[in-house]
Amino acid sequence: MVAGIDEVGRGAWAGPVSVGIVALNPQRRIHRLRDSKALAPDERTHIAGRIEEHALAAVVGHASNDEIDQIGMTAALRLATSRALADLSVRPDVFLIDGNLDMAAGHATQTELIVKGDTRSASIAAASIVAKVTRDAMMIADDEVHPQFSFAANKGYPSPAHRQALDRHGPCSLHRSSWAPIAALLHPRLF
C-alpha cells in the first residue's frame, strides 16, 4: 500500500502549515486528479470530496503559526506530519513525499522523496488537494475574524493587498511573527 504526503502553507505569512496524507484505493480511479495548483478552486473542492469518499485513507495534520514561530518550519512540518500520521487509519508500506524533506522521518517504515511529486504521483497529488482544500477552508473561516487581511482571497500568502493591510493594521494573531516581513513590523528598529 502506498500513501502520498504533501504540504501546503509553507510560504504563507499567516495561518498554519498543513500536511495531507492520502492512501488511494487502487480499485477506484479519481478523474482529473492532479496537482492542487493546477485546479480551479471549485474543481479542487469537488475532487477533494471524491478523494475522501473513495480513498483508503485521507487525513490532514496542522502546525499553527505560533508553533512555526516557536520551533521553525522544518520542525513544524514534521509536527503536522506526525499529527496526520496519528489519525491515519491504515499503515502503508511506503510513503511518497513531495519534495526533498523527509517529513515522516522516524514515523514511517519506508519513505521515498520525489521532487515535484505532486505532478508525478497520484497519491501525492491527492494529498496536495486534500491539504489545500482543508487549509483554504480554515483561512476562509479566519477571514470573518480578521476581514482587513482578506484571508478568503489570499489564504495568508503574500500579496500587495496583504502587505498594505499589514502596513495599515499591523499583524494579527494568525501572522507568523518570526518571519522577516512580520518581524519588521513588530520590531522596526531591528530592521
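All values reported here derive from a predicted model rather than from experimental measurement.

1. Overview of the pairing of strand β4 (residues 94–98)
1) Next: Burial within β4 is extensive, with five of its five residues counted as buried.
2) Next: Neither face of β4 is open: one carries V94, L96 and D98, the other F95 and I97, and all of them are buried.
3) Next: Sheet topology note: the strand β1 (residues 2–8)/β4 ladder contains four bridges and is parallel. When the sheet's bridge partners are listed, I5 is paired in β4 with I97.
4) Next: Where β4 meets strand β5 (residues 111–114), four bridges bridge the pair, whose relative direction is parallel. Paired with L96 across the bridge in β5 is E112.

2. Here we look at the side chain of S18
1) Next: Residue position: S18 is located in strand β2 (residues 17–23).
2) Next: A polar contact is formed between the side chain of S18 and the side chain of H62, at a distance of 2.7 Å.
3) Next: The contact partners of S18, leaving out residues within four places of it in the chain, are D6, E7, V8, V60, G61, H62, A131 and R135.

3. A few points about the sheet that holds β2
1) Next: Across the sheet, which stays open at both edges, the five strands sit in the order β3-β2-β1-β4-β5 with mixed pairing between neighbours. The outermost strands of the open sheet, each flanked by one partner alone, are β3 (57–63) and β5. Mean inter-strand twist for the sheet, computed between neighbouring axes without regard to direction, equals 20°.
2) Next: Packed on one face of the sheet, helix α3 (residues 73–87) meets β1, β2, β3 and β4 and runs near 145° to β3.
3) Next: Taken strand by strand, helix α4 (residues 122–145) contacts β1, β2, β3, β4 and β5, and its axis lies near 40° from that of β1.

4. Some details on the packing of helix α1 (residues 41–54) against α4
1) Next: Orientation of α1 relative to α4, taken along the N-to-C sense of each, is 115°, at an axis distance of 9 Å. Our pair here, α1 against α4, has a crossing hand that is left-handed. Contact residues: α1 offers R44, T45, I47, A48, I51 and E52, while α4 offers A126, I129, V130, K132, V133 and D136.
2) Next: Among the residues forming the contact of α1 with α4, the class breakdown is seven nonpolar, one polar and four charged.

Rules used in this analysis
- Within each chain, residue numbers correspond to sequence positions counted from 1 in written order.
- Restriction of local features to residues with pLDDT of at least 70 applies here, the model being predicted, together with a cutoff of 80 or more for giving and counting side-chain atom pairs; totals for whole chains, interfaces and linings are based on all residues.
- Side-chain metrics rest on all non-hydrogen atoms present in the structure, leaving aside hydrogens and water.
- When accessible area is computed with a 1.4 Å probe and restricted to protein chains, residues below 20% of their type maximum are described as buried, those above 50% as exposed, and intermediate ones as partly exposed.
- A run of DSSP states H or I qualifies as a helix once it reaches four residues; a run of E qualifies as a strand once it reaches two. Both are numbered from the N-terminal end.
- Paired strands are those between which DSSP finds at least two bridges.
- Polar contact criterion, stated in full: a pair of N or O atoms within 3.5 Å, where within protein one must be able to donate a hydrogen and the other to accept it, and residues adjacent in sequence count only if both atoms are side-chain atoms.
- Two residues form a contact once any of their heavy atoms are found within 4.5 Å.
- For helices, the fitted axis covers only the stretch in contact; all axes are lines through C-alpha atoms, and the angles between them, taken along N-to-C directions, range from 0 to 180 degrees.
- Should the near helix be turned anticlockwise from the far one by less than a right angle, the crossing is left-handed, and should it be turned clockwise, the crossing is right-handed.
- When residues are grouped by polarity, Ala, Val, Leu, Ile, Met, Phe, Trp, Tyr, Cys and Pro land in nonpolar, Asp, Glu, Lys and Arg in charged, and all others, Gly among them, in polar.

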